[in-house]
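An overview of the molecular structure
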Amino acid sequence: MGPVTDLSEWLPRAVGAVDSWMTRFGQFEAHPSMRVSDEALGEAFERLAVRLQDNYPFGHPRYVGQMVKPPHPAAVLGYVTAMLINPNNHALDGGPATAQMEKDVVARLATMLGFTDHLGHLTSSGTIANLEALWIARELHPGKAIAYSTDAHYTHSRMCQVIGVEGVSIPTDGAGRMDLNALEAELGTGRIGTVVATLGTTGLGALDPLHEIVALARAHETRIHVDTAYGGFFALIADDSVDGVASAPYAAIAHADSVVLDPHKHGLQPYGCGAVLFADPSVGRFYLHDSPYTYFSSDELHLGEISLECSRAGAAAAALWLTLEVIPLSDGGLGQVLRANRRGALEWARLLERSDALAPYQAPELDIVAYFPKHQTLSAIDAASTGLFRAAASLPPSQQIHLATYGVQAEAMAARGHHVTADVAQGRILRSTVMKPESAAAIHEIHARLESLAR
Ligand SMILES: *Cc1c(COP(=O)(O)O)cnc(C)c1O
């Protein structure tokens, strides 16, 4: 099975497995209203294929832009096979097999993150997973505010609005991490009920110092939610080694009250796969008002009774389950994917340090690299960044490089020691996620081409 599309042998097996199982229940004919001719489908499919060409090549090593990449073929195979049955993981009756797979993979995620006990489930996204965590935060500390850093995902301020809770934004330091002095000052007011720490900010991949936040929050009887939607799987390589990531913040997840991570970001899954986990299973009582807490410790829990969403694809659980059977949550499994990404990001950062045309914005803590064309003023950096972004994407397809831009304030540039004239309050720089292991081998080519375009 190859990295991107080699499923030609496997997809017929998916159809075969489901067909032979269904046949046991007796043959039947499709209703005439359901039949379409091969000719009509073929023509429509051609139009689909043409329309889909209006896309960026997310799976290509030289696509180093947004957090988008195709799922692993094992995930596609797991998803398609289960989708042919289309179980609904809302309830055990909707899909007993995939509900069991969901509990199984969620338990593996809990172990990876150091939770000894847990209540959790998959969600359709990190946004919904965070909404659930913040909702539980409100139920446990009614009337209190929720604090998160200015670099936290926008979903936190938005969801605070949705659930009617005051959101408090804590400044970040010169590395994009939550400023602990500012946090301590807020905690001192007594109005904060829950602190959201982000491990792997969406913009820069920065790690809030969770190990220090835990002590501060505990001293103020404040809950801790960890949003590690992007960075969570880096727990597999959090060993402070040359191609690993910092261990201390990841080890502290074990002391958090809840955590969110997105298998559809670094878990090789198609969209529609987030996860939320709570350290204390008794929070299940907030989901179902008339059931005693003991119910939720039972093995027979229905996922729909501990989830805000009702219908959810059982296929998402099957996809993650099959993927983790062949690429397990270990250093030797998914960890090797993440180490390759990390090496690519670090190599790029080294090249940027030595470049006369491009400068690194800050050192990558995960696999996100931020950089900018060297110019005197922030407005010139903004213009050159957007120019480079467009020029790289407009090369012939066999040379194209796809990047993303990132908005920065003049003060944030200064906080990182970049001496540029702040002739505008904010501007755009460039940002690349090196989230495919194949990109590591393309970093020299990418960097050289961007340098020559920048000159
Ligand atoms: C991506 C992301 C989210 C939102 O998750 P979706 O799956 O896109 O809804 C939340 N927080 C962080 C840190 C993220 O990176």
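The model shown is predicted, which means the values in this text are computed figures rather than measured ones.

The next thing to look at is the pattern of salt bridges. For the structure on display, the rule yields 20 salt bridges. Note that Arg-108 and Asp-104 form a salt bridge whose closest N and O atoms lie 3.2 Å from each other. Here Asp-104 and Arg-108 lie together in helix H4 (residues 96-113), a separation of four residues that amounts to about one turn. In this structure, the salt-bridge partner of Arg-108 is Glu-325, at a minimum N-O distance of 2.7 Å. One end of the pair, Arg-108, is in helix H4; the other, Glu-325, is in helix H12 (residues 314-326), with 217 residues separating them in the sequence.

Let us look at the domain arrangement of the protein chain. Size of an interface, as often reported, equals the accessible area lost when the parts are brought together. Split by domain assignment, the protein chain resolves into domain 1 (82-326) and domain 2 (334-454). One C-alpha centre belongs to domain 1, the other to domain 2, and the line joining them spans 29 Å. Listed per partner, the contact involves 31 residues of domain 1 and 21 residues of domain 2. Taking both sides of the interface into account, the surface hidden between domain 1 and domain 2 amounts to around 2,200 Å²; carbon and sulfur atoms contribute 60%. Summed over the three residues of domain 1 that lose the most area to domain 2, namely Leu-204, Tyr-230 and Asp-243, the buried surface amounts to 28% of that side.

Our next topic: the side chain of Ser-282. Looking at the secondary structure, you find Ser-282 in the loop between strand E7 (274-278) and helix H11 (294-297). For Ser-282, a relative accessible area of 11% puts it in the buried group. Side chain to side chain, Ser-282 and Asp-280 meet in a polar contact 2.9 Å long.

Around the ligand there are 13 residues in total, and Thr-127, Asp-227, Asp-262, His-264 and Lys-265 lie nearest to it. Thr-127 places a polar side-chain atom, nitrogen or oxygen, 2.5 Å from an oxygen atom of the ligand. Between His-264 and the ligand, the recorded distance is 2.7 Å, taken from a side-chain N or O atom to an oxygen atom. Coverage of the ligand by the protein amounts to 89% of the 380 Å² it exposes when considered alone.

With respect to the helices and strands, Arg-62 occurs in the loop between helix H2 (38-52) and helix H3 (73-83). Distance in space between the C-alpha atoms of Arg-62 and Ile-443 is 8.2 Å, their sequence separation being 381 residues. Residues within four places of Arg-62 in sequence aside, it is in contact with Pro-397, Ser-398, Gln-399, Gln-400, Ile-401, His-402, Glu-445, Ile-446 and Arg-449. Here the side chain of Arg-62 touches Ser-398 through a polar contact of 2.8 Å, landing on its backbone oxygen.

Turning to the nonpolar core, a few remarks are in order. Within the largest apolar cluster, 59 residues are counted, with the highest numbers of intra-cluster contacts made by Met-112, Leu-183, Leu-210, Tyr-250, Ile-253 and Leu-334. With six residues, H4 is the single largest residue contributor to this core. Built from parts of two domains, this core gets at least three residues from each of domain 1 (82-326) and domain 2 (334-454). With sequence-adjacent residues up to four places away left out, Ile-253 is seen in contact with Leu-113, Phe-115, Leu-199, Leu-210, Val-226 and Val-259. Listed in part, the 27 residues of the second largest apolar core include Ile-136, Ala-152, Val-260 and Phe-286.

Rules and cut-offs
- Residues numbered from 1 in each chain as written.
- Predicted model: local features only at pLDDT ≥ 70, side-chain atom pairs only at ≥ 80, totals over all residues.
- Heavy atoms only, no water.
- Salt bridge = Lys/Arg side-chain N within 4 Å of Asp/Glu carboxyl O.
- Helix = DSSP H or I, 4+ residues; strand = E, 2+ residues; numbered from the N terminus.
- Domains from an automatic or database assignment.
- Contact = heavy atoms within 4.5 Å.
- Buried area = accessible area lost by both parts, 1.4 Å probe.
- Buried < 20%, exposed > 50% of the residue type's maximum accessible area, 1.4 Å probe, protein only.
- Polar contact = N/O pair within 3.5 Å; in protein donor to acceptor, adjacent residues only side chain to side chain.
- Near = heavy atom within 4 Å.
- Areas by Shrake-Rupley, 256 points an atom, 1.4 Å probe, with all protein chains shown as cover.
- Core = buried A, V, L, I, M, F, W, Y, C linked by side-chain atoms within 4.5 Å.

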